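As a plain string of letters, each chain reads:
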Amino acid sequence: MSASSSISGKSHAADTATRDVVVVGAGFAGLYMLYRLRGLGLSVRVYEQGGDVGGTWYWNRYPGARCDVESMQYSYSFSDELQQEWDWSERYAPQPEILKYVNHVADRFKLRPDIQFNTRVVRASFDEADNSWQVTTSDGKAVTAKYVVLATGCLSNARMPDIKGLSDFKGSVYHTGHWPHEPVDFTGQRVGVIGTGSSAIQSVPVIAEQASHLTVFQRTANFSIPARNAALTVEEREAFRAKYPEIRRFAREQARNGIYTEMPDRGALDDGDNERRSKYESRWSRGGLTFMSVYNNLALDKAANDTAADFVRAKIAEIVSDPTTAKLLQPNNHPIGSKRICVDTDYYATFNRPNVTLVDIRSNPIEEILPNGVRAGGGDYEVDALVLATGFDAMTGSVARLDIVGRQGQTLNQKWAEGPKTYLGLMSAGFPNLFIITGPGSPSVLSNMIVSIEQHVDWIADCIATMRDRGLDTMEARRDAEDKWVAHVNEVAHGTLYPQANSWYMGANIPGKPQIFMPYIGGVGVYRQICNDVAAKGYEGFAMTAAELPQKMAASS
Ligand code: N01
């Protein structure tokens, strides 16, 4: 990297407190952002609060943790050598393997020297006189940067539930999103799991095999589709690799959710009962998230959605032997897919084990945690260990932890008090040169995250390069463009069934959080085109200012 191509025009010794760009977070997004910015010859500092790379995969080490997007697709596409050389072992990679992959990427592209681990960004404040960001970190140091990129992740702020007595519990307490690095062995223990989202659905079958008894406390039953996980054969990997150009193109440009699969051309009610059942059966046997793309209107039409929900409810009744338990496990208060659909290995069948009990805490809410158990609905359930699978302050939580101060002293938290406001999920008006990767208002969590991360990183890197080439100093979302985009995100969401669920997409899992559908549901292909068009029209909807001191601008590299 040559210092001469930097934006500040200053050379950057290792200990300098000035960088062109500060990136917050060294997960999939932060690493690729660093790679791209370094490729532009910019000086970059990445701060990561964890002790190593990986982001969500660094923290989420709970038993059974694995990705619900197939590993051949949940991987970077920016380097063909990388995707050709890395051998995924299973259809759905387990967390340790994903972490190994992220570490491999960090080493292969020599990214570590620009990352400072065990360091949190505490505050970022925009200096209007200098058009730069002053960033303060948890080690008490400060750094000045022209740009800040938040690569803080959508699901990285584990949420501890506020349950009476929790701090007095005498046994061990674990949160799935903040799992210890040392192995946890539940052998011979009575374990309680609170929550039945994706994390619980993955961990419950594994914990049940170890624990002497497992009690699952369920407030809301969830729809889950079998993963049908299996080892990947050499032939399967090779077939996939041979088709990578088409698979990646399709995932980026055509798929709604960034996953390569058949596009549905019919609605669920266009088929008769037998035909429809046979299609659902075939997707159930195939396993995985593509169950929801068998028809094109499952997210739009309640009657269509009911046919898929009824199919899964019938499967649950078939799998679970005890009718009362089966009934409790059948979701009935939200359309299928309106909460993130889960992908499991033997979740429902686990409730046939003699050492597993399901407790309905919707009818019998948890009253308190006792020193040796859980009191719910007047009954006491003794446990030695508690697993909180209670989720995240999603999408905005990790941004809200930073004290971000924009123009005229306004904080991002103040601006987002009634819900996040962004233009394209990339920038927020009043916060110049501050980019968010997969921010609220972009497809993000409704998509294969890696596809959305790569799209945002490329867009941001291209934008910063363009600004440098044109001698521009600041870029900022315009309020009218932002208002229009927020209205559009809302309008599209409300044309679907998604807002009918009390989901973390809506912020409904956090008491007091404004309930607004946060991700953009228009589809990754459509969204990419919008972003490309905006850039092609000279970054339409963004205000850009020229540098007052043109000599500060370096020549393009
Ligand atoms: O969290 P969740 P998660 N008392 O919010 C319950 C991704 N992910 O960690 O629904 C009692 O979905 C809560 O009940 P309710 C994926 O996108 C991906 O499981 O609010 N219960 C719910 O049952 C996923 O969607 C993978 O009524 C309480 C559960 O806890 C997202 O992360 C794997 C409670 C929380 O479910 C979040 O999943 C895992 C309380 N006070 C996760 N508070 C992959 O495969 C909450 N609950 C990539």
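Note that this is a predicted model, so its numbers are computed, not measured. (Residues numbered from 1 in each chain as written. Predicted model: local features only at pLDDT ≥ 70, side-chain atom pairs only at ≥ 80, totals over all residues. Heavy atoms only, no water.)

Novice: Explanation requested: the overall build of the chain in the structure shown.
Specialist: A tally of helices and strands in the chain yields 16 helices and 20 strands. Against the compact-globule benchmark of 24 Å for 557 residues, the chain has a radius of gyration of 24 Å, which places it among compact chains. For the C-alpha atoms alone, the extent of the chain along its principal axes is close to 75 × 55 × 45 Å. Buried positions account for 59% of the 557 residues belonging to the chain. Pairs at least 24 apart in sequence give 71% of the contacts found in the chain among residues at least 6 apart. Counting every atom, the chain has about 22,100 Å² of accessible surface; 48% of that belongs to carbon and sulfur. Measuring between centres, the 57 positive side-chain charges of the chain sit 2 Å from its 64 negative side-chain charges. (Helix = DSSP H or I, 4+ residues; strand = E, 2+ residues; numbered from the N terminus. Rg over C-alpha atoms; globule rule 2.2 N^0.38 Å. Buried < 20%, exposed > 50% of the residue type's maximum accessible area, 1.4 Å probe, protein only. Contact = heavy atoms within 4.5 Å. Areas by Shrake-Rupley, 256 points an atom, 1.4 Å probe, with all protein chains shown as cover. Lys, Arg positive; Asp, Glu negative; His and termini not counted. Charge placed at Lys NZ, Arg CZ, Asp CG, Glu CD.)

Novice: Before we go on, may I ask you to explain the pairing of strand E15 (residues 379-382) in this structure?
Specialist: Each regular strand carries side chains that alternate between the two faces of the sheet. Looking at chain direction, strand E14 (residues 373-376) and E15 are connected through four bridges and run antiparallel. Bridge pairing links Gly 373 to Glu 382 in E15. Taken together, E14 and the strand that follows it, E15, pair antiparallel across an intervening segment of two residues, in which Gly 377 is found at a positive phi of about 55°. (Pairing = 2+ DSSP bridges.)

Novice: Looking at this structure, how should I read the site of the ligand?
Specialist: Around the ligand, a shell composed of 26 residues is seen, among which Arg 66, Thr 196, Ser 199, Thr 220 and Lys 339 lie nearest. One of the backbone N or O atoms of Ser 198 is found 2.9 Å from an oxygen atom in the ligand. Summarising the interface, the protein chains cover 89% of the accessible area of the ligand, which totals 910 Å² for the free molecule. Among the elements that line the shell around the ligand, the one with the most residues is helix H5 (residues 198-210), at three residues. A class-by-class count of the residues in the shell around the ligand yields ten nonpolar, nine polar and seven charged. Of the residues that make up the shell around the ligand, three or more belong to each of domain 1 (18-157 + 394-556) and domain 2 (166-388). (Near = heavy atom within 4 Å. Polar contact = N/O pair within 3.5 Å; in protein donor to acceptor, adjacent residues only side chain to side chain. Nonpolar A, V, L, I, M, F, W, Y, C, P; charged D, E, K, R; others polar. Domains from an automatic or database assignment.)

Novice: Which parts of the structure should I look at to understand the sheet that holds E14?
Specialist: The strands that make up a sheet are held in pairs by hydrogen bonds between backbone atoms, and each pair lies either parallel or antiparallel. Judged by pairing direction, the sheet is antiparallel, and its three strands sit side by side in the order E13-E14-E15 without closing on themselves. The open sheet terminates on both sides in strands that have one partner only, identified here as strand E13 (366-370) and E15. In this sheet, neighbouring strand axes are inclined to one another by 20° on average, regardless of whether the strands run parallel or antiparallel. (Axes fitted to C-alpha atoms, helices over the stretch in contact; angles between N-to-C directions.)

Novice: Which parts of the structure should I look at to understand the packing of helix H6 (residues 234-242) against helix H7 (residues 244-253)?
Specialist: The angle between the axes and the distance between the axes are what describe a pair of packed helices. Where H6 contacts H7, the axes come no closer than 5 Å and their chain directions differ by 65°. With respect to H7, the element H6 is oriented roughly perpendicular. Touching Phe 240, Arg 241 and Ala 242 of H6 are Tyr 244, Pro 245 and Ile 247, all from H7. Partitioning the contact of H6 with H7 into residue classes produces five nonpolar, no polar and one charged. (Parallel < 35°, antiparallel > 145°, perpendicular 65-115°, else oblique.)

Novice: Quick question: what am I supposed to make of the packing of aromatic side chains here?
Specialist: By convention here, two paired aromatic rings are described through the distance between centres and the angle between planes. According to the stated counting rule, one finds 42 aromatic pairs in the structure shown. Ring geometry for Phe 217 and Tyr 381: centres 5.6 Å apart, planes at 85°, overall edge-to-face. Note that Phe 217 is positioned in strand E9 (residues 213-218) and Tyr 381 in strand E15, a separation of 164 residues in sequence. With a centroid separation of 5.7 Å and an interplanar angle of 85°, the aromatic rings of Tyr 280 and Tyr 295 are classed as edge-to-face. (Phe/Tyr/Trp six-rings, centres within 6.5 Å; stacked < 30°, edge-to-face > 60°.)

Novice: Can you help me understand the domain arrangement of the chain in this one?
Specialist: When the parts of a complex come together, some accessible area is lost, and that lost area is often used as the size of the interface. According to the domain assignment, the chain consists of domain 1 (18-157 + 394-556) and domain 2 (166-388). Across the contact, 49 residues belong to domain 1 and 51 residues belong to domain 2. Roughly 4,300 Å² of surface becomes buried between domain 1 and domain 2 when both sides are summed, with 51% attributable to carbon and sulfur atoms. The residue Arg 237 makes a salt bridge to Asp 87 at a minimum N-O spacing of 3.4 Å. (Buried area = accessible area lost by both parts, 1.4 Å probe. Salt bridge = Lys/Arg side-chain N within 4 Å of Asp/Glu carboxyl O.)

Novice: Hey, could you run me through the sheet that holds strand E12 (residues 356-360) in this one?
Specialist: With respect to topology, five strands assemble into an open sheet ordered E7-E16-E8-E9-E12, the strand pairing being parallel. The sheet terminates laterally at strand E7 (172-175) and E12, the two strands that pair on one side only. Strand-to-strand twist of the sheet, defined as the mean angle between neighbouring strand axes without regard to direction, takes the value 20°. When strand E8 (residues 190-194) meets strand E16 (residues 385-388), the two strands line up parallel, connected through four bridges. The residue of E16 that forms the bridge with Gly 192 is Leu 386.

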